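# Working through the structure, step by step
So the chains spell out like this:
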Amino acid sequence: MLTISQDLIAAYTALHKADEQDLLDAAKATYRNTTLSYDARDCAMISIKREASERIYMGDPTALTPLLHDVIACADEFFRP
């Protein structure tokens, strides 16, 4: 259980440290990945979209670039039925 906890903390730390291009790349990779279960991809995409949304909401200087909006658009496309 400790290993899972450490892996999750490392993943969220990497997500917070990622720049906007890294977030977009992660969203695209998650969108295209068919080897993981849909549940895993779903959780990953929710986390990526939330990070982008929070940066925009909090007024992150990178929010001025369209890349964070592209991350959200990619996630919206992923969740579209």
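Right, let's get into a nonpolar patch on the surface. Together, I4, L8 and Y12 give the surface a local cluster of nonpolar side chains, amounting to about 300 Å² of exposed area. Inspection of the secondary structure assignment puts Y12 in helix α1 (residues 2–17). For Y12, a relative accessible area of 40% corresponds to the partly exposed category.

Our focus in this paragraph is the side chain of R41. By the secondary structure assignment, R41 is in helix α3 (residues 38–57). Despite its burial, R41 remains without a salt bridge, the nearest opposite charge being carried by D42 at 8.8 Å. Those residues in contact with R41 that sit more than four places away from it in its chain are T30, Y31, N33, L36 and F78.

A word on the nonpolar core. L23, A27, M45, I48, A52 and V71 are the most contacted members of the largest nonpolar core, which totals 14 residues. Elements represented by at least two residues in this core include exactly α2 (20–32), α3 and α4 (67–79). For this core, the element with the most residues is α4, which contributes six residues. In contact with A27, other than residues within four places in its own chain, are M45, I48, V71 and C74.

Basis of the calculations
- Residues numbered from 1 in each chain as written.
- Predicted model: local features only at pLDDT ≥ 70, side-chain atom pairs only at ≥ 80, totals over all residues.
- Heavy atoms only, no water.
- Patch = residues over 30% accessible without salt bridge, like charges linked within 9 Å, V, L, I, M, F, W, Y side chains within 5 Å.
- Areas by Shrake-Rupley, 256 points an atom, 1.4 Å probe, with all protein chains shown as cover.
- Salt bridge = Lys/Arg side-chain N within 4 Å of Asp/Glu carboxyl O.
- Helix = DSSP H or I, 4+ residues; strand = E, 2+ residues; numbered from the N terminus.
- Buried < 20%, exposed > 50% of the residue type's maximum accessible area, 1.4 Å probe, protein only.
- Lys, Arg positive; Asp, Glu negative; His and termini not counted.
- Contact = heavy atoms within 4.5 Å.
- Core = buried A, V, L, I, M, F, W, Y, C linked by side-chain atoms within 4.5 Å.

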